[in-house]
Amino acid sequence: MITSKLRKTLAIASVALLSFSTQATAGIDRQAFADEIIKDEAVKDVTVTATGNIYVGLINNGQDRTGYAMYVCEVAREFSDGKPDVFIVKVIDIMKVIKKQGFHSMGMTKCTT
């Protein structure tokens, strides 16, 4: 259960993460991709950086999230313009970001379109 205080904190963290994402690569429809991936209740934030790397913030449940990163890669491909591109998908512990403890990766994959 997420309390209202935690929701507010997550909202602040989302703003902080989004400040790193000034522009997505030309190959991914950033807004449509974000709208799709955020539908998953587990996703607390999603960011596509200027270099096209994707960070998805989840609450750490102790599991390796490499498989989830691969799923995010597949969703990103659906929103690609089809031009060849290479980027990284990282699933990060959103609570560590909120606590200003950095981007702790729980899983990642190299994605190509």
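Data block above holds the structure.
Rules used throughout
Residues numbered from 1 in each chain as written. Predicted model: local features only at pLDDT ≥ 70, side-chain atom pairs only at ≥ 80, totals over all residues. Heavy atoms only, no water. Helix = DSSP H or I, 4+ residues; strand = E, 2+ residues; numbered from the N terminus. Buried < 20%, exposed > 50% of the residue type's maximum accessible area, 1.4 Å probe, protein only. Contact = heavy atoms within 4.5 Å. Core = buried A, V, L, I, M, F, W, Y, C linked by side-chain atoms within 4.5 Å. Salt bridge = Lys/Arg side-chain N within 4 Å of Asp/Glu carboxyl O. Pairing = 2+ DSSP bridges. Axes fitted to C-alpha atoms, helices over the stretch in contact; angles between N-to-C directions. Arc of directions from axis to C-beta.

Q: A description of the environment of Lys96 should follow, citing residues and the corresponding values.
A: Secondary-structure assignment places Lys96 in helix 4 (residues 94-98). Residue classification places Lys96 among the partly exposed positions, given a relative accessible area of 29%. Expressed as a C-alpha distance, the spacing of Lys96 and Ile59, which sit 37 residues apart in the sequence, is 9.1 Å. Every residue in contact with Lys96, bar those within four places of it in the chain, is listed here: Gln101, Gly102 and His104.

Q: Could you give an account of the nonpolar core, naming the residues involved and the relevant values?
A: In this structure, Phe33, Ile54, Val56, Val72 and Val89 are the most contacted members of the largest nonpolar core, which totals 21 residues. Going through the elements one at a time, helix 2 (30-37), strand 1 (43-48), strand 2 (54-58), helix 3 (66-78), strand 3 (86-93) and strand 4 (105-112) are the ones with two or more residues in this core. Looking at which element gives the most residues to this core, the answer is helix 3, with six residues.

Q: Which residues make up the pattern of salt bridges, and what values go with them?
A: Two side chains of opposite charge can pair, provided their charged atoms sit close to one another. Per the stated rule, a full pass over the model turns up two salt bridges. Its salt-bridge partner being Lys39, residue Glu36 comes within 3.1 Å of it at the nearest N-O pair. Note on Glu36: relative accessible area 29%, which makes it partly exposed. Among the ionic pairs, Arg77 bridges to Glu74, the shortest N-O distance being 2.2 Å. On the criterion of helical spacing, the pair formed by Arg77 and Glu74 is a turn pair, its members being three residues apart in helix 3.

Q: Explain the sheet that holds strand 2 to me, and be specific about the residues and the numbers.
A: In spatial order, the strands read 1-2-3-4; together these four strands make up an open sheet with mixed pairing. Either end of the sheet is taken by a strand with one partner, and the two such strands are strand 1 and strand 4. The sheet shows a mean angle of 15° between the axes of neighbouring strands, taken without regard to direction. Here five bridges tie strand 2 to strand 3, and the two strands are oriented parallel to one another. Considered in strand 3, the bridge of Leu58 is made with Asp93.

Q: Describe helix 2, and please don't skip the residues or the numbers.
A: By the burial criterion, the buried members of helix 2 are Phe33, Ala34 and Ile37. Seen end-on, helix 2 carries its buried residues on one side only, within an arc spanning 95°.

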